[in-house]
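# Observations on the three-dimensional arrangement
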Amino acid sequence: MKHLTLATALSAIVMAGSAWAQSYPEKDIDLVVPFDPGGSVDVTSRIIAETANTILEGAEINVVNRSGGGGVVGQTSVATAKADGYTVLAMTSSVVTNPQMKGASYEVTDFRPVALYNLDPEVIAVPADSPYETAEEFLAAAENERLNIVVAGIATSHHMSGLAIERATGLEFTYVPTKGFGAQVQAIAGGHADAALWPMGEASGQVGPDGVRILAIASEERHEDFPDVPTFQEAGIDIPIWATFRGWAVPKGTPDEAVKVLSDLMKSVYETPEYVEKMQAAGYVPVYRDAEGFEFVVNNYADQTSAIIEEAGLGQ
């Protein structure tokens with residue numbers, strides 16, 4: 001029997017991979033939502049699945065809710081699932097923090113990012129009548145006095161975004177944890193705090209003469225609806241991006257071909273006008289980043305939060 005040359009062997013591997021990609025998916029795909037039905041991740045996942053199932057042939061995406069432990073149960077089930085492309089995680093920032101904060105058995109590196117579909121960057125918001133007209137004025141004031149910042153709760157991503165700002169600038173804030181967005185709005189409107197750290201999606205609806213003013217946004221580029229608002233980096237805060245993200249991920253070891261097919265599927269969904277309309281009607285801004293772009297967002301968030309959690313003693 002003749003021995004295969006290296007070139008022949010590599011060619012056979014490439015052909016096998018190509019054939020696999022052409023046949024995938026051959027059966028239904030489980031999209032695991034690690035939270036209860038009705039929440040933001042569940043709602044957006046079902047909108048995506050509805051559109052994706054009009055594009056897929058011979059298979060469907062089934063949304064499967066596996067809640068518990070603040071996402072740990074469902075996330076663990078995907079981390080330990082067979083890496084064959086048929087189990088997908090609706091991935092959020094909690095995958096990054098749950099190992100440190102809740103003792104989850106997996107690490108963020110146990111997942112492969114596939115595609116990003118929603119990105120909600122953090123903003124610094126102040127009352128509309130605040131004396132701080134710009135981010136620079138806000139930061140300068142914080143050098144002279146400890147400002148009060150409203151956050152959704154201690155150890156939330158919003159609280160940690162404040163710790164990230166402190167880490168990047170050397171400033172120190174006093175945090176006012178307030179449950180419920182309505183209560184946070186009241187705290188700002190009532191003058192009980194100097195600023196709030198909110199996701200853009202919620203903050204944008206409060207902008208106005210009787211609401212808030214956004215001073216800076218933690219994204220790589222300025223927001224198209226607020227072109228005059230600088231990014232954190234433009235304002236002198238060395239944080240390239242800090243955002244609540246939602247996307248797809250698969251278990252580590254999933255073939256490249258499956259990742260590409262799933263990422264391309266998400267892109268096709270994003271390019272479907274009906275999908276965009278449904279997302280916007282539900283209050284979500286649809287975006288798309290491929291596997292590499294999503295990995296950048298995840299890694300950047302992981303690098304910052306892991307250090308913050310350790311330094312602030314927030315982990316288990």
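Rules of the game
- Residues numbered from 1 in each chain as written.
- Predicted model: local features only at pLDDT ≥ 70, side-chain atom pairs only at ≥ 80, totals over all residues.
- Heavy atoms only, no water.
- Helix = DSSP H or I, 4+ residues; strand = E, 2+ residues; numbered from the N terminus.
- Buried < 20%, exposed > 50% of the residue type's maximum accessible area, 1.4 Å probe, protein only.
- Axes fitted to C-alpha atoms, helices over the stretch in contact; angles between N-to-C directions.
- Parallel < 35°, antiparallel > 145°, perpendicular 65-115°, else oblique.
- Left-handed = near helix turned anticlockwise from the far one by under 90°.
- Contact = heavy atoms within 4.5 Å.
- Nonpolar A, V, L, I, M, F, W, Y, C, P; charged D, E, K, R; others polar.
- Pairing = 2+ DSSP bridges.
- Phe/Tyr/Trp six-rings, centres within 6.5 Å; stacked < 30°, edge-to-face > 60°.
- Lys NZ or Arg CZ within 6 Å of the ring centre and 35° of its normal.
- Salt bridge = Lys/Arg side-chain N within 4 Å of Asp/Glu carboxyl O.
- Right-handed = clockwise from strand over helix to strand, strands pointing away.
- pLDDT = per-residue confidence, 0-100.
- Core = buried A, V, L, I, M, F, W, Y, C linked by side-chain atoms within 4.5 Å.
- Expected span 1.5 Å × (residues − 1).
- Polar contact = N/O pair within 3.5 Å; in protein donor to acceptor, adjacent residues only side chain to side chain.

## Looking at the side chain of His-159
When you line up the elements, His-159 lands in helix H6 (residues 157-169). A relative accessible area of 5% means that His-159 is categorised as buried.

## Things to note about the packing of helix H2 (residues 40-55) against helix H10 (residues 273-281)
The geometry of H2 relative to H10 is characterised by a closest axis approach of 10 Å and an angle of 165° between their N-to-C directions. The angle between H2 and H10 places the two elements in the roughly antiparallel class. Taken as a pair, H2 and H10 cross one another with a handedness that is right-handed. Seen from H2, the contacting residues are Thr-44, Ile-47, Ile-48, Glu-50 and Thr-51; seen from H10, they are Tyr-275, Lys-278 and Met-279. Tallied by class, residues from the contact of H2 with H10 come to four nonpolar, two polar and two charged.

## Some points on the pairing of strand E3 (residues 87-92)
Judged by how many residues are buried, E3 sits mostly within the fold: six of six residues are covered. Because side chains alternate across E3, one face comprises the buried residues Thr-87, Leu-89 and Met-91, and the other comprises Val-88, Ala-90 and Thr-92, equally buried. Where strand E1 (residues 29-33) and E3 come together, three bridges link them in parallel fashion. Counterpart to Leu-31 in the pairing with E3 is Val-88. Pairing analysis gives four bridges linking E3 to strand E9 (residues 243-251), with the strands arranged antiparallel. The residue bridging Leu-89 from the neighbouring strand is Ala-249, located in E9.

## Some points on the packing of aromatic side chains
Counted by the stated rule, this structure contains 10 aromatic pairs. Ring-pair connections join several aromatic residues into one group, and the members of that group are Tyr-132, Phe-138, Phe-173 and Tyr-175. The lysine or arginine in question, Lys-27, covers the ring of Tyr-86, its NZ or CZ lying 4.8 Å from the ring centre.

## Description of unusual backbone geometry
Note the cis peptide between Tyr-24 and Pro-25, where omega equals 0°. Along the chain, Pro-25 falls in the loop between helix H1 (6-23) and E1. At Ala-155, a residue that is not glycine, the phi angle is positive and equals roughly 75°. Within the fold, Ala-155 resides in the loop between strand E5 (148-151) and H6. Ala-155 sits in the partly exposed class, given a relative accessible area of 23%.

## With respect to the pattern of salt bridges
Side-chain pairs of opposite charge can arise where the charged atoms are in close proximity. For the structure shown, the criterion picks out 10 salt bridges. A salt bridge links Asp-42 to Arg-46; the shortest N-O distance between them is 2.9 Å. Highlighted residues: Asp-42 and Arg-46, both in helix H2, separated by four residues, approximately one helical turn. The class for Asp-42 is buried, based on a relative accessible area of 4%. Relative accessible area serves as the criterion here: at 38%, Arg-46 is assigned to the partly exposed category.

## Remarks on the pairing of strand E2 (residues 61-65)
Taken together, the five bridges between E1 and E2 define a ladder with parallel strand orientation. Its bridge partner being in E2, Val-33 is matched across the sheet by Asn-65. Following the backbone out of E1, through H2 and into the adjacent parallel E2, one traces a crossover that is right-handed.

## Some remarks on the confidence of the model for the protein chain
Taken residue by residue, the protein chain gives an average pLDDT of 91. The fraction at 70 or more is 93%. Under a pLDDT of 50 for its full length, residues 12-16 has, in the predicted model, zero contacts with residues more than four places off or in other chains.

## Considering the nonpolar core
Note that soluble globular proteins tend to have their nonpolar side chains buried in a common cluster. Grouped together as the largest cluster of nonpolar side chains are 53 residues, with contacts concentrated most on Met-91, Ile-124, Phe-138, Ile-149, Phe-173 and Phe-245. Top contributing element to this core by residue count: helix H11 (residues 291-312), with seven residues. Residue contacts for Ile-149: discarding those within four places in its chain leaves Phe-138, Phe-173, Thr-174, Tyr-175, Val-176, Ala-195, Ala-196 and Leu-197.

## A word on helix H3 (residues 72-79)
Within H3 the residues assigned to the buried category are Val-72, Gly-74, Gln-75, Ser-77 and Val-78. Taken together, the buried residues of H3 touch E1, E3, helix H4 (94-101), strand E4 (111-127) and E9.

## Section: H2
Compared with the 22 Å implied by 1.5 Å per residue over 16 residues, the 23 Å span of H2 between its first and last C-alpha is a close match. Of all the positions in H2, only Val-41, Asp-42, Thr-44, Ser-45, Ile-47, Ile-48, Ala-49, Thr-51 and Ala-52 are classed as buried.

## Some details on the side chain of Ser-77
Relative to the helices and strands, Ser-77 is located in helix H3. There is a polar contact of 3.4 Å between the side chain of Ser-77 and the side chain of Arg-66. The residues contacting Ser-77, other than those within four sequence positions of it, are Val-32 and Arg-66.

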